[in-house]
Every structure is written in C-alpha cells, then in structure tokens.
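Here's the letter readout for the chains.
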Amino acid sequence: MDNRRRYKNGRRKAPAYIPQGDPQALATPVEDLGLHERTLGALKTGGVNTAGDIAARYMRDMYKVQGIGKRDIFAMQGALKKLGLTFRPEEEKPEEGQAKQAQEKKPAQDNRNGQREKKQPERRGRGEEGKERRVEESRPREEKQELKNGGRDEKTAKNKGKDNREKGGKKSAELINKELSRLYAGLTINEIIMGGKKKRPAFVPYPKEGIKQGDLIKFYRAGKWGYKDWKGNVVIHPEYDEAFAFREGRAGVEVNGLIGYIDKENNKVIECKYDCGTSFSEGLAAVSTGEKSGYIDENGNQVTEMEFDVATPFSGGKAVVRENDRWGILDRETLKVLWR
C-alpha cells in the first residue's frame with residue numbers, strides 16, 4: 001500500500017470513529033426517533049440519516065448542521081438514550097495530555113553552582129527584633145533599596161507603592177472594560193439597560209400530535225417499509241427501501257436509492273427520481289438532484305429551478321435557501337429570494 005495515502009502533512013491520519021452500541025439501534029432511521037418534522041428535514045439535508053450517524057458525532061458538531069439548535073440536540077440526546085446510545089464522548093486533547101506529562105517529568109532546576117536549590121526554612125524572630133525583621137522582609141525590593149541608600153525617606157517609598165497600586169488598578173479597569181465590550185457586543189443601549197442580554201422569544205414546545213382516524217403510520221417488516229392505518233390494519237404492504245411520514249396527503253418513499261412520493265392509496269404521484277427530498281409543507285417539497293436543490297408542488301411540477309445549494313421546508317410562508325455561499329429567504333407566494 002502506498003504510504004502517501006496513509007499520511008497527510010507528515011502525520012498519520014486518525015482512524016474514523018465507530019460508535020458503540022447495538023447494530024440494529026445504530027441503523028435506526030432518524031424518522032423513527034420521534035423527532036420534530038423540522039428537525040428531521042434539517043438532519044436529512046445535512047446528510048444525517050440514521051441514529052448511528054448522530055452517535056458518531058460530538059454533541060458540539062451537531063450545531064454545524066444547518067437548522068439544528070440546542071433544543072433539537074437535547075431531543076436527539078433523549079432519543080439516543082432510549083436506544084442505549086450516546087453522542088461521541090468528549091476526549092482529552094493530545095496537546096493537553098502531552099503538556100501534563102511534560103510537567104510531571106520536568107526535573108528540578110539546578111542553580112548556577114550545579115546544586116539543586118533547597119527550600120529555605122522560614123526565619124522567625126522573637127520580640128521587637130523579629131517583628132522589625134519581618135516588616136523589612138515584606139517591603140518591596142525597590143523600597144528597601146531606596147531606604148538603604150538613604151536617597152528617599154519612608155514617606156516617598158509609600159507614595160511609590162501607592163503609584164504602583166494605581167497602575168495596577170488602571171490595568172484591571174482596562175481588562176474589565178475589554179470583557180464588558182465583548183459581552184455587550186452588538187447590543188443597543190436599551191438592551192444593555194434592560195438587562196444586558198438580547199430578548200429571546202418565548203419557548204413554545206413542539207405540539208405532540210396523537211394518532212387519529214385517517215392517519216397512516218409507517219412500519220418495517222422483512223427489510224421493507226409499508227403503512228398501517230390508525231387501527232393497525234395494513235394499508236400499504238412493505239415494498240419500499242425507506243418511507244417517510246405522510247404530510248398534506250403525500251409521503252416520500254425510496255426505491256433503489258431514489259426518492260419519490262405516493263398518496264394514501266399507494267399511487268405513485270411523483271416518480272422516484274430525486275437523490276433527496278423533504279416532506280411537503282405549505283404545498284411544496286424541497287428536492288435535490290446531484291448537488292443542487294429546488295421545489296416541486298404536490299403533482300411533481302417544478303416550481304423553482306434546481307439552483308440552490310441548500311433548500312429547507314417552508315414554515316410560515318418562508319424557507320431558508322443558500323446559493324454560492326449566500327443565504328436568503330424564499331417567499332412562498334412570489335417564489336422570490338430576499339438575499340442577505
């Protein structure tokens with residue numbers, strides 16, 4: 001094997017991390033983790049398809065997935081816990097471990113005479129003579145030198161000590177101002193007066209939708225996915241490599257690695273020809289072919305060009321898109337992008 005493949009910049013490439021746990025649990029699709037539809041859309045867009053893909057990452061790495069926040073990560077952590085899995089455990093940085101070992105192995109420094117320095121025993125005096133000696137030893141070196149030379153009296157030495165304390169106070173004030181500037185960066189004067197933090201929107205929990213009459217729930221059997229009704233009767237027999245929840249009368253299904261959409265009567269209303277796709281939201285779904293994404297309607301008609309690098313589901317009439325490192329907001333009615 002060519003050694004050049006094993007090394008990069010003169011260093012051995014670290015082996016890929018393999019999460020520990022039940023293989024069946026690691027292979028669980030993210031759609032079966034009980035996560036919110038918005039979270040599922042962000043994970044699928046970011047290439048996270050199974051519980052194993054989540055468990056293979058550090059918790060902090062999930063923030064790099066577009067559209068994933070702290071609330072979503074806590075939900076994923078709870079879902080992994082139910083499967084007996086966790087995020088990738090944090091490890092001690094190699095630099096910290098090497099520094100710690102070097103500190104432990106560092107020998108005692110020798111003095112100029114080649115002999116190890118010995119800790120001098122504390123000198124203790126008795127009576128007034130010992131008190132004067134301790135006061136003299138506690139004086140700063142500069143003050144003792146000045147008093148010894150007779151150039152300045154004790155009052156002058158005290159004034160110099162006061163000047164040193166004032167300089168230290170100015171330095172501390174500069175550090176405090178620097179820290180406050182960092183904490184309040186980007187805040188208006190009103191936000192600083194009202195508490196120094198930007199006002200966050202009130203927390204609104206995800207609605208927990210129960211199974212009701214007319215719903216179809218996907219199930220897995222013998223390596224394929226199908227759907228049952230709200231009573232548990234099989235409506236669509238398992239025939240798909242992957243299946244997603246029904247939204248607005250359509251469900252995404254996968255056949256031979258390609259995504260299409262069916263209705264509740266198992267009619268293939270949109271051909272399986274996309275590399276990736278999201279559930280329908282506000283009448284449109286984001287689909288991808290190769291490296292580009294666009295939007296289609298419930299009948300499979302292309303309503304935007306396949307021009308985006310990232311396309312997310314619509315929510316409240318808006319969707320987040322990215323093209324050539326620019327982020328923008330796509331309006332549902334006009335289908336025009338407001339670029340930032």
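Presented here is an overview of the structure given in this document. (Residues numbered from 1 in each chain as written. Predicted model: local features only at pLDDT ≥ 70, side-chain atom pairs only at ≥ 80, totals over all residues. Heavy atoms only, no water.)

With that settled, consider the sheet that holds strand 14 (residues 318–323). The strand order 13-14-15-16 describes an open sheet built from 4 strands, whose pairing is antiparallel. Only two strands of the sheet have a single partner each, and these edge strands are strand 13 (310–311) and strand 16 (337–339). Pairing of strand 14 with strand 15 (residues 326–331) involves 6 bridges; the strand directions are antiparallel. Following the sheet pairing, Lys 318 is matched in strand 15 by Asp 331. (Pairing = 2+ DSSP bridges. Helix = DSSP H or I, 4+ residues; strand = E, 2+ residues; numbered from the N terminus.)

All right, on to a nonpolar patch on the surface then. Residues Ile 211, Ile 217 and Trp 230 make up a contiguous nonpolar surface patch of about 290 Å² in total accessible area. Relative to the helices and strands, Ile 211 is located in the loop between helix 10 (189–193) and strand 3 (216–221). On the basis of relative accessibility, which here comes to 59%, the residue Ile 211 falls in the exposed class. (Patch = residues over 30% accessible without salt bridge, like charges linked within 9 Å, V, L, I, M, F, W, Y side chains within 5 Å. Areas by Shrake-Rupley, 256 points an atom, 1.4 Å probe, with all protein chains shown as cover. Salt bridge = Lys/Arg side-chain N within 4 Å of Asp/Glu carboxyl O. Buried < 20%, exposed > 50% of the residue type's maximum accessible area, 1.4 Å probe, protein only.)

Another point: the sheet that holds strand 12 (residues 292–297). In space, the 3 strands of this open sheet follow the order 10-11-12, with antiparallel pairing throughout. Of all strands in the sheet, those bounded by a partner on one side alone are strand 10 (276–277) and strand 12. Here strand 11 (residues 284–289) runs beside strand 12; their pairing, made up of 6 bridges, is antiparallel. In the strand pairing of strand 12, Ala 285 is matched with Ile 296.

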